[in-house]
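Each chain is listed here by its residues.
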Number of protein chains: 2
Amino acid sequence: MDKFMKKAVELAANNVRDGGEPYGAVIVKDGEIVAEGINTLHKEYDISGHAELVAMRKLQKEIQSNDLTGYVMYASGAPCEMCQVAMYNSGIKEVYFGQSLDEVVEAGFSEDVTTQEEIDQFVQSMKQIPLSGDVENPIQLYAKRENK
Amino acid sequence: MDKFMKKAVELAANNVRDGGEPYGAVIVKDGEIVAEGINTLHKEYDISGHAELVAMRKLQKEIQSNDLTGYVMYASGAPCEMCQVAMYNSGIKEVYFGQSLDEVVEAGFSEDVTTQEEIDQFVQSMKQIPLSGDVENPIQLYAKRENK
């Protein structure tokens, strides 16, 4: 199979042996792997320690930029919505994944899969407390600053 | 206005003065602020440096757990989809936000708002490269380990 996906999958398998979750990712540019990531939830307290985000952060720090336009993501498992948005916001436009969410469910980990319905319900439960009284308006402050 | 939201909004305004984006967040438990976060995109290369995630990570490291069940999030701005999923996965069930996405758009920053349509389009562009040949199956490896 594709050599970059193979590497992402190998990272995932090694992470399982290391006591972690079965996810790995590599980021590629110009035919070279420039960053690797594994799911770090078993060793660091950080809910965002998914393989894709771990690889992206490492690369962003290294190249001193959040702009990953032109970089390609290979993730061993289908990226979650959190990582999707992070990738989109970084400018990554090409994403390949190995194992589908169906495979996760079939292996007996349906609890680990967050459904869109669950997210939608959660989002609908968020409540707005509009700004009032004696507080500065941060977005307006930002707008004024930007226009200077 | 609500004192916790006021604090989140003050963090956001101060972040603008510090050269950053207009977003702050506080996490509350039992009537006390236990963690604060600001948007760090102006000072760290990490696309996930949103106020909510920054506060969550700080707290998760401090309490040595990813489980934030029972904690309440106050974010100065409406949380993005990335932070929504991170909060949901951490067990946060109560979320309040101050400024809406409409206010961001009205202030002239519509480019900063990622639409669900853009995300959907991005997700549909992701391609699967199913596992084949001589590679271990990480999810099956994980399932076997779990059953032991």
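Per chain, residue numbering runs from 1 following the sequence as it is written. Going through the entries in the order they are written, you letter the chains from A and number the ligands from 1. Local features in a predicted model are, by the rule used here, given only for residues with pLDDT of at least 70; side-chain atom pairs are given and counted only at 80 or more, and totals for whole chains, interfaces and linings are based on all residues.

*Asks:* How would you explain the pairing of strand 4 (residues 94–99) of chain A if you had to name every residue and give the values?
*Replies:* Looking along a regular strand, one sees the side chains alternate between the two faces of the sheet. Burial analysis of strand 4 of chain A places five of its six residues in the buried class, the great majority of the element. Here five bridges tie strand 3 (residues 72–77) of chain A to strand 4 of chain A, and the two strands are oriented parallel to one another. Within the sheet, the bridge partner assigned to G77 of chain A lies in strand 4 of chain A and is Q99 of chain A. Note on handedness: a crossover is taken as right-handed if, strands pointing away from the viewer, the path from the first strand over the helix to the second is clockwise. Secondary structure elements follow DSSP: runs of H or I no shorter than four residues count as helices, runs of E no shorter than two count as strands, and numbering proceeds from the N terminus. On the question of chirality, the crossover connecting strand 3 of chain A to the parallel strand 4 of chain A by way of helix 3 (residues 81–90) of chain A is right-handed. Between any two strands, pairing holds if DSSP finds at least two bridges. Sheet topology places strand 4 of chain A next to strand 5 (residues 127–128) of chain B; two bridges connect them, and they run parallel. Each bridged residue has a counterpart across the sheet, and for Y96 of chain A the counterpart in strand 5 of chain B is K127 of chain B. With C-beta atoms placed from the backbone, the exposure class of a residue follows from how many other C-beta atoms lie within 10 Å of its own: 20 or more, buried; 12 or fewer, exposed; in between, partly exposed.

*Asks:* Residue-level account of the sheet that holds strand 1 (residues 24–29) of chain B, with values.
*Replies:* The pairing of strands in a sheet comes from backbone hydrogen bonds and takes either a parallel or an antiparallel form. With respect to topology, five strands assemble into an open sheet ordered 5(A)-4(B)-3(B)-1(B)-2(B), the strand pairing being mixed. Looking at strand neighbours, the two that pair on one side only are strand 5 (127–128) of chain A together with strand 2 (32–38) of chain B, the edges of this open sheet. In this description, a residue-residue contact is defined by the distance between C-beta atoms placed from the backbone, which must lie within 7 Å. Throughout, an axis means a line fitted to C-alpha atoms (over the contacting stretch in the case of helices), and angles, computed between N-to-C directions, take values from 0 to 180 degrees. Sitting on the sheet, helix 2 (residues 51–63) of chain B touches strand 1, strand 2 and strand 3 (72–77) of chain B, and the angle it makes with strand 2 of chain B is about 125 degrees.

*Asks:* Just give me the short version of the relation of the copies chain B and chain A, but keep the residues and values in it.
*Replies:* Mapping chain B onto chain A leaves a residual RMSD of 0.0 Å; the transformation is a rotation of 180 degrees accompanied by 0.0 Å of translation along its axis. Put plainly, the chains are arranged around a two-fold axis. Taking the C-alpha atom as reference, chain B places M82 of chain B closest to the rotation axis, 2.0 Å from it. Mapped onto chain A, 100% of the interface residues of chain B again fall at the interface, so both copies present the same surface. Superposing the copies works by least squares over the C-alpha atoms of residues that have pLDDT at least 70 in both of them.

*Asks:* Hey, could you go over the sheet that holds strand 4 of chain A for me, with residue numbers and the actual values?
*Replies:* Read across the open sheet, the five strands follow the order 2(A)-1(A)-3(A)-4(A)-5(B); overall the sheet is mixed. The open sheet has two edge strands, strand 2 (32–38) of chain A together with strand 5 of chain B, and neither has a second partner. The strands touched by helix 1 (residues 3–17) of chain A within the sheet are strand 1 (24–29), strand 2, strand 3 and strand 4 of chain A, with strand 1 of chain A carrying the most contacts at an inclination of about 150 degrees. Of the strands in this sheet, strand 1, strand 2 and strand 3 of chain A are in contact with helix 2 (residues 51–63) of chain A, which crosses strand 2 of chain A at around 130 degrees.

*Asks:* Could you give an account of the nonpolar core, naming the residues involved and the relevant values?
*Replies:* A8, A55, Y74 and A86 of chain A together with A8, A55 and A86 of chain B are the most contacted members of the largest nonpolar core, which has 83 residues in total. Sequence-distant contacts of A86 of chain A, that is, excluding residues within four places in its chain, are made with L53 and M56 of chain A together with I47, S48 and M82 of chain B. In plain words, the nonpolar core is the set of buried Ala, Val, Leu, Ile, Met, Phe, Trp, Tyr and Cys residues that C-beta atoms within 7 Å link up.

*Asks:* Tell me what's going on with the confidence of the model for chain A, and back it up with residues and numbers.
*Replies:* Every residue is assigned a pLDDT by the predictor, reflecting its confidence on a scale from 0 to 100. When pLDDT is averaged across chain A, the result is 95; 98% of the residues are at 70 or more. Interface confidence for the predicted complex, given as ipTM, is 0.94, next to a pTM of 0.95.

*Asks:* Quick rundown of the interface of chain B and chain A? Include the residues and the values.
*Replies:* Listed per partner, the contact involves 66 residues of chain B and 66 residues of chain A. Among the secondary structure elements, those contributing two or more residues to the side of chain B that touches chain A are helix 1 (3–17), helix 2, helix 3 (81–90), strand 4 (94–99), helix 4 (101–106), helix 5 (116–125), strand 5 and helix 6 (138–147) of chain B. Take the side of chain B that touches chain A: its biggest share by element is eight residues, from helix 3 of chain B. Just so you know the grouping, Ala, Val, Leu, Ile, Met, Phe, Trp, Tyr, Cys and Pro go in nonpolar, Asp, Glu, Lys and Arg go in charged, and all remaining residues, Gly too, go in polar. Per-class residue counts for the side of chain B that touches chain A are 35 nonpolar, 18 polar and 13 charged.

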